[in-house]
Amino acid sequence: MSSIRVFRSFVAVATHGSFAAASEHVSLTPAAVGLQIQTLEKDLGYTVFDRVGKTVVLNQRGHRLLPRARQLLVMYEDMQHMQLDQRELAGTVKVACIATAMSMVVRAVLRIREHYPRLSIEPGISYSGALVSRIKEGEIDAAVSVRSPHKLPAGVLYTQLYREPLVFVANARTPRADPREVLATRMFLRVSRSSNTGTLIDEFMRRLHLRTRDVLEMNAMRTIIDMVKEDLGVTLLPLPRGTDWDRDPDLRLEYFDDPQAHRNIGLFESESRSFLTSILREHLQDLAAPAGAA
């Protein structure tokens, strides 16, 4: 299909009467302009100019095409300069968010309120398990959550924001040893299997053949970390963005030399509501970008 540049060359030739004259107005060589006209005629299936020596003259079909081509260029220029009227954009977006990402979501909400006073973003903390289903059913418009390995249902969009590494966490007083040995002898404080993070950790442990003896399961990662600091057990968790666990003197973290030792955090959106949630997406991507990134 012919591009906007091809139609711009067509209008220039029709206006100025030759490939050479048109080339000065579209920043191409006369030969390149001629090739673009050939491309246009090939795509349309008919000629738009009659060639008489080095002269080109619009034929009947060319005359009929010219006003439409000019209209197309005007519409394209309008799209290039189109700006969203921030005062007119209005509505409510319900966003569910896992606890560890709520700080970033709130920062995005505060930015959005400055620029889009009539757009209301309503965030709420929720576990990751059923968030995609809630978007599909229309209960919420978007969610910042853990990406599971399951295929997304039709009508739900996903945008990757950042990754969090999986780490083994023990009390700082725990004697240094292979995490395999420690997991086999200490209480394993684990994230609920009903969450996407719990499922991810289960699969990771099976793949690495990590065995545990005693297991205590709970929902809140913050609670698990507090219990590790009290030396009540050890855990395997993603290192949430923005936390200081790796600098806490009461904790010892060990990273895994494994390309799959991470969880992906991203924005899930209802496709039918993306005309509003896209604003949230843009701000979250900006906040999630590494420092110094363009």
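Residues numbered from 1 in each chain as written. Predicted model: local features only at pLDDT ≥ 70, side-chain atom pairs only at ≥ 80, totals over all residues. Heavy atoms only, no water.

The name given to the protein in an unreviewed UniProt entry is HTH-type transcriptional activator CmpR, with the source organism recorded as Bordetella pseudohinzii. Recorded under Sequence similarities (unreviewed entry), the UniProt text for the protein is reproduced unchanged: "Belongs to the LysR transcriptional regulatory family." (UniProt positions renumbered as here; feature names shortened; annotations may be inferred.)

Participant: Summarise the pairing of strand β4 (residues 119–125); cite the residues concerned and give the values.
Facilitator: Pairing geometry for strand β3 (residues 91–97) and β4, over 7 bridges, is parallel. What sits directly across from Thr92, in β4, is Ser120. Read as a crossover between parallel neighbours, the route from β3 over helix α5 (residues 102–115) to β4 is right-handed. (Pairing = 2+ DSSP bridges. Helix = DSSP H or I, 4+ residues; strand = E, 2+ residues; numbered from the N terminus. Right-handed = clockwise from strand over helix to strand, strands pointing away.)

Participant: Please set out the side chain of Ser9 residue by residue, giving values where relevant.
Facilitator: Inspection of the secondary structure puts Ser9 in helix α1 (residues 4–16). Residues within four places of Ser9 in sequence aside, it is in contact with Val26, Leu28, Val33, Gln36 and Ile37. (Contact = heavy atoms within 4.5 Å.)

Participant: Could you give an account of the packing of α5 against helix α10 (residues 274–288), naming the residues involved and the relevant values?
Facilitator: Taken N-terminus to C-terminus, the directions of α5 and α10 make an angle of 125°; their axes are 9 Å apart at the nearest point. It follows that α5 is oblique to α10 by the angle criterion. Relative to α10, the crossing made by α5 is right-handed. Side by side, α5 and α10 meet where Met104, Val105, Arg107, Ala108, Arg111, Ile112 and His115 of the first sit next to Ile279, Leu280, His283, Leu284, Asp286, Leu287 and Ala288 of the second. (Axes fitted to C-alpha atoms, helices over the stretch in contact; angles between N-to-C directions. Parallel < 35°, antiparallel > 145°, perpendicular 65-115°, else oblique. Left-handed = near helix turned anticlockwise from the far one by under 90°.)

Participant: Summarise α10; cite the residues concerned and give the values.
Facilitator: Taken together, the buried positions of α10 are Ser274, Leu276, Thr277, Ser278, Ile279, Leu280, His283, Leu284, Leu287 and Ala288. Looking at the packing, one finds that the buried side of α10 touches β3, α5, β4, β5 (142–146), β6 (156–171) and β11 (262–270). (Buried < 20%, exposed > 50% of the residue type's maximum accessible area, 1.4 Å probe, protein only.)

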